[in-house]
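Observations on the model geometry
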Amino acid sequence: MDGALAVIFIVTGLTDMALNDCPTGCLQSSDAVSRLSVQGAEVIFQSETIDEEIYVGYDLPTGYGPFQPTIGASITGDGGAWIGAGAKWNSQGVIGSPFFIESSLMPGIYHDNDSPDLGGALQFRSAIGLGYTFENGATLTVLYDHRSNADTQSINPGLETFSLRYAVALR
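A short tour of the structure in this document, coming up. (Residues numbered from 1 in each chain as written. Predicted model: local features only at pLDDT ≥ 70, side-chain atom pairs only at ≥ 80, totals over all residues. Heavy atoms only, no water.)

1. What about the layout of surface pockets?
The calculated volume of the largest pocket comes to roughly 330 Å³. Along its surface, the largest pocket is lined by 18 residues, and G65, P66, Q68, N90 and G93 are the ones closest to its centre. Each residue belonging to the lining of the largest pocket can be placed in one class, and the counts come to five nonpolar, eight polar and five charged. (1 Å grid on protein atoms, 1.4 Å probe; cavity = no way out; pocket = protein on both sides within 12 Å on 5 of 7 lines; lining within 4 Å. Points joined across faces, edges and corners; volume = space filled by probe spheres on them. Nonpolar A, V, L, I, M, F, W, Y, C, P; charged D, E, K, R; others polar.)

2. A word on the nonpolar core
If you look at the biggest cluster of nonpolar residues, it comprises eight residues: V43, F45, Y55, W82, M106, Y110, L118 and L159. Those elements that provide at least two residues to this core are β2 (34-45) and β7 (99-111). Once you skip the residues sitting within four places of it in the chain, V43 turns out to touch E48, T49, I50, D51, E52, E53, T76, L159, E160 and T161. Among the nonpolar cores identified, the runner-up in size contains five residues, and F9, M17, A87 and W89 belong to it. (Core = buried A, V, L, I, M, F, W, Y, C linked by side-chain atoms within 4.5 Å. Buried < 20%, exposed > 50% of the residue type's maximum accessible area, 1.4 Å probe, protein only. Helix = DSSP H or I, 4+ residues; strand = E, 2+ residues; numbered from the N terminus. Contact = heavy atoms within 4.5 Å.)

3. Looking at the environment of S91
With respect to the secondary-structure elements, S91 resides in the loop between β6 (81-90) and β7. The sequence separation of S91 and A18 amounts to 73 residues, and the corresponding C-alpha distance is 14 Å. For S91, the residues in contact, after removing those within four places along its chain, are F99, F100 and I101. A distance of 2.9 Å separates a polar atom in the side chain of S91 from the backbone nitrogen of I101. (Polar contact = N/O pair within 3.5 Å; in protein donor to acceptor, adjacent residues only side chain to side chain.)

As structure tokens, this is what we get:
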């Protein structure tokens, strides 16, 4: 996937910001729904499913233009661990529907243990997903993400996950 998912995040977020937020302040802060999420994933390395992963995340209660800060951490069955912070964008501010598209970009730190060597500790996690928001604010999202060091190291094989995430709204 290389940087395609990161480009999607940048293009969708900046386009939304230019069209909908800049007339009143491009990155003006606003209240956002904070959510605590858990997701289960298949880990894919070099086109082979190699493991499972559990991810826990928290979306902060403030947005900046169309972006919402988020933090997350994951661990695989063989001990590969990642922790990071970044931003999410979703289409709910653009489309008045319970269905949404989401993209994100999160730099973080990776420790491989017995997981694949991804070329270094600094790993960028970018994702795209399709989701549904329930009446109580909870969401269910199917996500595909890519993790790599963005060629900051001499090796950069990348790693993907295909996951299902459930997030509860915190009031």
